Amino acid sequence: MDNTLHEREKIIRLWFDLWLTGRDSGIADIFAEDVVYTESWGPKYENRATVQQWFAEWNTRGRVVAWDIVQFFHKDNQTVVEWHFKCEMNDGSAEEFDGISVIAWTPENMIQSIREFGCNCNNYNPYQCGAEPQFKDEKAKWF
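Note that the coordinates shown come from a computational prediction; the quantities given were computed from them, not determined experimentally. (Residues numbered from 1 in each chain as written. Predicted model: local features only at pLDDT ≥ 70, side-chain atom pairs only at ≥ 80, totals over all residues. Heavy atoms only, no water.)

Colleague: Would you take a moment to explain the sheet that holds strand 6 (residues 111-119) for this structure?
Modeller: In sheet architecture, strand pairing relies on hydrogen bonds along the backbone and comes in two forms, parallel and antiparallel. Taken in spatial order, the 6 strands of this open sheet run 2-1-6-5-4-3, and their pairing is mixed. The two strands at the open ends of the sheet, each matched to only one other strand, are strand 2 (44-45) and strand 3 (62-75). As paired elements, strand 3 and strand 4 (residues 78-89) share 12 bridges and run antiparallel to each other. Paired with Gln-71 across the strands is Glu-82, a residue of strand 4. Where helix 1 (residues 3-21) meets the sheet, its contacts fall on strand 1 (31-38), strand 3, strand 4, strand 5 (94-105) and strand 6, and the angle it forms with strand 3 comes to roughly 165°. Strand contacts of helix 3 (residues 48-61): strand 1, strand 2, strand 3 and strand 4, with the helix running at about 55° to strand 1, the strand carrying the most contacts. (Pairing = 2+ DSSP bridges. Helix = DSSP H or I, 4+ residues; strand = E, 2+ residues; numbered from the N terminus. Contact = heavy atoms within 4.5 Å. Axes fitted to C-alpha atoms, helices over the stretch in contact; angles between N-to-C directions.)

Colleague: Would you mind showing me how to read empty space enclosed by the protein here?
Modeller: Unoccupied space between atoms shows up once a probe the size of one water molecule is rolled over them. Enumeration according to the criterion identifies 1 cavity of 30 Å³ or more in this entry. As for the largest cavity, its lining consists of Ile-12, Trp-15, Phe-16, Tyr-37, Trp-67, Val-81, Ser-101, Ile-103, Ile-114 and Glu-116. Residue assignment for the lining of the largest cavity shows that the elements contributing at least two residues are helix 1, strand 5 and strand 6. (1 Å grid on protein atoms, 1.4 Å probe; cavity = no way out; pocket = protein on both sides within 12 Å on 5 of 7 lines; lining within 4 Å. Points joined across faces, edges and corners; volume = space filled by probe spheres on them.)

Right under this line is the structure:
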């Protein structure tokens, strides 16, 4: 594997590991100062200081218990990483979903932008019982 691609995967793994520990031991080394980070459900953080603020504040309300990488795709200055995520909040709620992050890199191998996309991992076939679809009676997930 190309050294640049190896380094990019190492940086992404570091970002995921920071969430698993709940401690900022490298955000300044990962993100460009003017990074744009968009979560799958809408929030958008438009600089490194705001990403640091979000990270610190979020970790007072919950903890990430799993953020497992499935695979990477690389093309030019972009990486797509497929993952599985699970968190538990202090109020007793929990979220678990599959997703991808589309990452753009600076020439210095810092993250310039991330756009996350989520997918419900509780899948089912609405046509299992016939031609008329049977959908689950539940509120759609936010991602």
